[in-house]
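Report on the structure
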Amino acid sequence: MKKIISQLSLICILFIISGSVSAFCQGRHQHRHQHRHQHRNQGGADNSTINIVCSFSDYAAIAEYIAGVHATVQHIAHGMQDPHFVPPKPSYAMMLNKADLWITTGMDLEMWSSTLIDKARNKQIMDGEIGFVSVSDGVKVLQKVEKADRTEGDIHLMGNPHINTGPLNWKVIAKNITTGLIKIDPVNASYYQSNLSDFNDRVDRALFGDDLVDMLGGETLCSLLENKTLFTFLEKDYQGEKLNNKLGGWMKQTESFRGKKIVAYHKNWIYFTETFGLEIVGYIEPKPGIPPSAKHVQHIIQTIEDQQIKLMLVASYFEKKSPQMIEDKTGIKALFLPLFVEGIPEIQDNFQLMDYWIEQISKNIQ
Amino acid sequence: MKEILLFLAPPITASLLLAGILGYFGTHILSRGIIFIDIAVAQIAALGTMIGLLLGFAEESGQVQLLSYLFTLVVIGSFSFLNTKNLFIPPEAVIGIIYCIGLALALLLAEYIPGGSAYITKSITGNILWVTWDKVLNCAMLFSVIGLIHIILGNKFIAISDPETRFAIPGKKTKLLDLVFYLTFGIVVVKTVLVGGIFLVFTLLIAPSAAASMLFNSWKNKIIWSWIFGGIGTLTGILISYYMNISNGPAIVCLLGLFVFVLAFTKIFIPSKSSTN
Amino acid sequence: MISGFQFLVAPLMASLLLLVITSYFGIHVLKREIIFIDIALAQVAALGGIVTIFFDQAFNIHGISFLNIPLHDILPYLLSLIYCLIAALIFTFLKNPKITVPIEAFIGIAYAFATTAAVIILDKSAGGDVHIHDLLTGTILWTSWPQVLRLGIIVLIIGSFHYIFKNRFIQLTDTYAGRNHSIRYYKLWDFLFYFTFGIVIIEAIRIGGILTVFAFLILPASFSALFSARWDHRIFFGLCSGIIATVIGLSLSWTFDITSSPLIILFLGLLLTLGIIFKRLLKLQKA
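Treat the numbers as computed from the prediction; the structure is a model and nothing was measured. (Residues numbered from 1 in each chain as written. Chains lettered and ligands numbered in written order. Predicted model: local features only at pLDDT ≥ 70, side-chain atom pairs only at ≥ 80, totals over all residues. Heavy atoms only, no water.)

1. Considerations on the overall build of chain B
Helix and strand counts for chain B come out as 10 helices and 0 strands. Reading the helices (α) and strands (β) of chain B from amino to carboxyl end gives α-α-α-α-α-α-α-α-α-α. Seen along its three principal axes, the alpha-carbon backbone of chain B occupies a region of about 60 × 55 × 35 Å. A burial count over chain B gives 58% of its 277 residues as buried. (Helix = DSSP H or I, 4+ residues; strand = E, 2+ residues; numbered from the N terminus. Buried < 20%, exposed > 50% of the residue type's maximum accessible area, 1.4 Å probe, protein only.)

2. Topic: the side chain of B:Arg32
All names here are of chain B. Locating Arg 32 in the fold gives a position in helix H1 (residues 2-32). A polar atom in the side chain of Arg 32 sits 2.9 Å from the side chain of Asp 178. Residue contacts for Arg 32: discarding those within four places in its chain leaves Ile 160, Ser 161, Arg 166, Asp 178, Phe 181 and Tyr 182. (Polar contact = N/O pair within 3.5 Å; in protein donor to acceptor, adjacent residues only side chain to side chain. Contact = heavy atoms within 4.5 Å.)

3. Focus: the environment of A:Ala61
Here A:Ala61 shows up in helix H2 (residues 57-67). With 287 residues separating them in the primary sequence, A:Ala61 and A:Gln348 have C-alpha atoms 7.8 Å apart.

4. With respect to the layout of surface pockets
As a volume, the second largest pocket reaches approximately 1400 Å³. B:Leu30, B:Ser31, B:Gly33, B:Pro163 and C:Pro102 are the residues nearest the centre of the second largest pocket, which is lined by 48 residues in total. When residues in the lining of the second largest pocket are grouped by element, the largest group, 4 residues, is from H1(B). Of the residues belonging to the lining of the second largest pocket, the class tally is 22 nonpolar, 12 polar and 14 charged. (1 Å grid on protein atoms, 1.4 Å probe; cavity = no way out; pocket = protein on both sides within 12 Å on 5 of 7 lines; lining within 4 Å. Points joined across faces, edges and corners; volume = space filled by probe spheres on them. Nonpolar A, V, L, I, M, F, W, Y, C, P; charged D, E, K, R; others polar.)

5. Focus on unusual backbone geometry
For A:Gln308, which is not glycine, the phi dihedral falls at a positive 55°. Position of A:Gln308 among the secondary structure elements: in the loop between helix H12 (294-306) and strand S9 (311-315). Here the phi dihedral of B:Asn245 falls at roughly 55°; this positive angle occurs in a residue that is not glycine. On the secondary structure map, B:Asn245 appears in the loop between helix H9 (219-243) and helix H10 (248-269).

6. Quick notes on the sheet that holds strand S1 (residues 50-54) of chain A
Residue and element names in this part refer to chain A. One open sheet holds the 4 strands; their spatial order is S2-S1-S3-S4, and the pairing between them is parallel. Since the sheet does not close on itself, it has two edges, and those belong to strand S2 (71-75) and strand S4 (132-134), each with one partner. Sheet twist, expressed as the average angle between the axes of neighbouring strands with direction ignored, equals 20°. In terms of strand pairing, S1 meets S2 through 5 bridges, oriented parallel. Pairing of Val 53 across the sheet is with Gln 74, part of S2. Relative to the sheet, H2 contacts S1, S2 and strand S3 (101-104), its axis offset from that of S2 by approximately 175°. (Pairing = 2+ DSSP bridges. Axes fitted to C-alpha atoms, helices over the stretch in contact; angles between N-to-C directions.)

7. Focus: the interface of chain C and chain B
A common way to express how large an interface is: the accessible area buried when the components associate. Taken together, the contact between chain C and chain B spans 48 residues of the former and 49 residues of the latter. Carbon and sulfur atoms supply 86% of the area that chain C and chain B bury against each other, a total of about 4300 Å² over both sides. The tally of links between chain C and chain B comes to 0 salt bridges. Linking chain C to chain B there are 1 residue pair in polar contact (both at pLDDT 80 or more). Of all the secondary-structure elements, those providing two or more residues to the side of chain C that touches chain B are helix H3 (71-94), helix H4 (103-125), helix H7 (186-227) and helix H9 (260-286) of chain C. It is H4(C) that provides the largest number of residues to the side of chain C that touches chain B, a total of 16 residues. Along the lines of polarity and charge, the residues of the side of chain C that touches chain B split into 34 nonpolar, 8 polar and 6 charged. (Buried area = accessible area lost by both parts, 1.4 Å probe. Salt bridge = Lys/Arg side-chain N within 4 Å of Asp/Glu carboxyl O.)

8. Quick notes on the environment of A:Leu212
Residue and element names in this part refer to chain A. Along the chain, the position of Leu 212 falls in helix H7 (residues 210-216). Between the alpha carbons of Leu 212 and Gly 249 there is a distance of 9.9 Å; along the sequence they are 37 residues apart. When neighbours within four sequence positions are excluded, Leu 212 is seen to be in contact with Gly 217, Leu 221, Leu 234, Leu 243, Lys 246 and Leu 247.

9. Notes on the sheet that holds strand S7 (residues 261-264) of chain A
All names here are of chain A. Pairing is parallel across the open sheet formed by 4 strands, whose spatial order is S8-S7-S9-S10. Of all strands in the sheet, those with a lone pairing partner are strand S8 (279-283) and strand S10 (333-337), marking the two edges. Neighbour-to-neighbour, the strand axes of the sheet open up by a mean angle of 35°, direction not taken into account. Of the pairings in the sheet, the one linking S7 to S9 comprises 2 bridges and is parallel in character. Counterpart to Ala 264 in the pairing with S9 is Leu 313.

10. Some remarks on the confidence of the model for chain C
Per-residue confidence for chain C averages 82 on the pLDDT scale, and 85% of its residues sit at or above 70. If you check the scores for this complex, the pTM reads 0.84 and the ipTM reads 0.88. (pLDDT = per-residue confidence, 0-100.)

11. As for the packing of H7(C) against helix H8 (residues 231-256) of chain C
Residues and elements named next belong to chain C. Look at H7 against H8: their axes get within 8 Å of each other, and the N-to-C directions meet at 125°. In terms of their interaxial angle, H7 and H8 are classed as oblique. Judged by the sense of rotation from one axis to the other, the crossing of H7 with H8 is right-handed. On H8, the residues touching Phe 216, Pro 220, Ala 221, Phe 223, Ser 224, Ala 225 and Phe 227 of H7 are Arg 234, Phe 237, Gly 238, Ser 241 and Thr 246. The class makeup of the residues in the contact of H7 with H8 is 7 nonpolar, 4 polar and 1 charged. (Parallel < 35°, antiparallel > 145°, perpendicular 65-115°, else oblique. Left-handed = near helix turned anticlockwise from the far one by under 90°.)

12. Comments concerning a nonpolar patch on the surface
A cluster of nonpolar side chains, namely B:Met1, B:Leu5, B:Leu235, B:Leu239, B:Tyr243 and B:Met244, defines an oily patch on the protein surface of about 630 Å² accessible area. Mapped onto the secondary structure, B:Leu5 falls in helix H1. (Patch = residues over 30% accessible without salt bridge, like charges linked within 9 Å, V, L, I, M, F, W, Y side chains within 5 Å. Areas by Shrake-Rupley, 256 points an atom, 1.4 Å probe, with all protein chains shown as cover.)

If you want it as structure tokens, here you go:
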């Protein structure tokens, strides 16, 4: 009996102590969250800035471009994290609670966000409301599933959601973000529009180089690229030389890639390879968590041998062990690339990310 | 046909090696009643790797592997010193606690390691299909060394694993033998999980020996038949995976699992079946 | 602005409900030496859910409603229950003198089988990209009040059932290891045990995740085993340790912005260690 009484009093004391400790800590504690530095923000965040929360760092980088001084931009998933599995932390819900704009892919990639949104109790950012931005609206989606019926759960029915890997998609993402911003802050619409044009221009120039953009305009070039008629077009002559000679930027840097065959670990890279002409002949593990069958493995090994494939792209959030086993078995080189901005500390925006990818692939492609 | 065999040869050899050593250890594990020990060991090994990564070593480096092994051996060594007779909870519960806390620590540390979520034993990672002859040789050598230890001390190990004979042996001797047993077991588990993945290892450890133990009584028969069941199971599994285009590890696991359950129910419901020696 | 308290109240209530039921069932689990059963049952139930997807695709039952509830909403749950029932039946029958293998082995094999069968079905049936979501960490911090209510109802029903027949169940487990059973309809009660346990566990795992429930089953029961052999005392001690760990764990997870399950588990482990030390000291004192 004595024991029970002493136990009970112990519990009461512990309740009181833990309660007061947490109350004390809350008063002093600053929530740690993923916070992007505002390069263009001189004034610092104040109450009149818009609170933008993005699912991924890539969207945050673009949002910063567009929103500039008028917003504070935060993002939830680390650059190094697997985008499908983001363990929810309390601070995320708090971030979302105070958000004016929630920017997400909108293609059931961020399944983890639904619990967060529920807990955040912020009506404005729910799907369909004014503060919800689905950046994939209008993106030319690849790898859609043919089946028309919908099933429950973990299936990317709407196609490949890793849209951040294709620079052409950045323009669509930026447009959607601009639309969202203008909806909630129509006063600064022209500011956002101007930033959008700046951004688009920057993307064009990064892709094609200044010369061609000045001559033909970014929009033309982009639609040519999308329709896969760019290179036939560039065969044309203009003022005595082929247009091709005026090509600059990423398209020039990746000339050696065109037509090369590679293997990818998972379906992260399709938009990148479509844009720059690489051909993915096979995936090691198309369905993560489901190891491939013997037949699939043999087929891949055979393909790698037959077609002399030398390079395998692996997003850096994957465990290194399996790709290394594949390296040992087939002699292929596994290239680990961060999938997102801030995946490695040196990469602070989308352009740097693309530069990094192209540099690394150029080094390793035979 | 030839290419298929050529392609399948290293994985099949590796599986047979795995089935062999795990079938042997499995019979012991079953007798000691600590079924989930390998899952606990795998998680502790992963935790060791994470600690290595946190200390700054590169993922592929030898130091990380070493740390992983060392950490595992320390934990499992301490487990072996537990006085199972005076324990207020069954040893499997201790295994459960180790697994649980190990996993909790791994979840907390995963935040601080890029790609950390890969070290949490939740998925069926590992595919024996990618194994090279190099690795097979590596395994074969390691297993022969451990096998040798177990051939020499085999009978003594059987004596301490079998609950009926265990307490007849003087305490100190039991403790020492226990330690050697668990240390060698730990090394085998860490190695096999690296090659085949946690689920394959778990199934090869338990299922063939469970089947053998249901049918036979003598240790010799139990061990031999675990090998046979394990070997046939993996072989069939790989072939099924190939011809029906099913994920490899799961095919083997499902096959062996079904086999055990069917065997169990046959035994229960068919009265005339009596256990042979 | 959500305050810490507002945020944590629902999770706290959910944890309390979980602890009430797990500090009781945990003792059963420990005594019967079926430690990993909740993990196995969770996987089996998940398999049931996945088979639903397969049915959905094969027979296209989307439009069908039963009593005004769309079938495809309740079907996963229904199938999980049915699979749980089957598993309960299997485990009941496996407790047979002819089977010399410990039942934990079958639990283990069932776990591996259920997990891999789910993978194969997903692999084969799904047309597009499949990403396996695991129930490991769970989302106890994110519990909503409707979920708490639902858990409460199930705990109440199953809890009352076990309270009414407590003598039956306790005797069942206490004599589990033995060969002769003095209880009439032994198999029926064994089956009821597994089935009710399964129902509760499925619900518990939906809220807390596999790891949390596993820890709640094992750690408080181990802690309580240190101090008493009587069931009512053990439930009390288990509950105490659970509450302390949960309160501290939840508040720290809020303060330091970490997922809660691992913290709660660490504190449960800490309490267990303290308990062992405490008992050692007591022993030394007596000697």
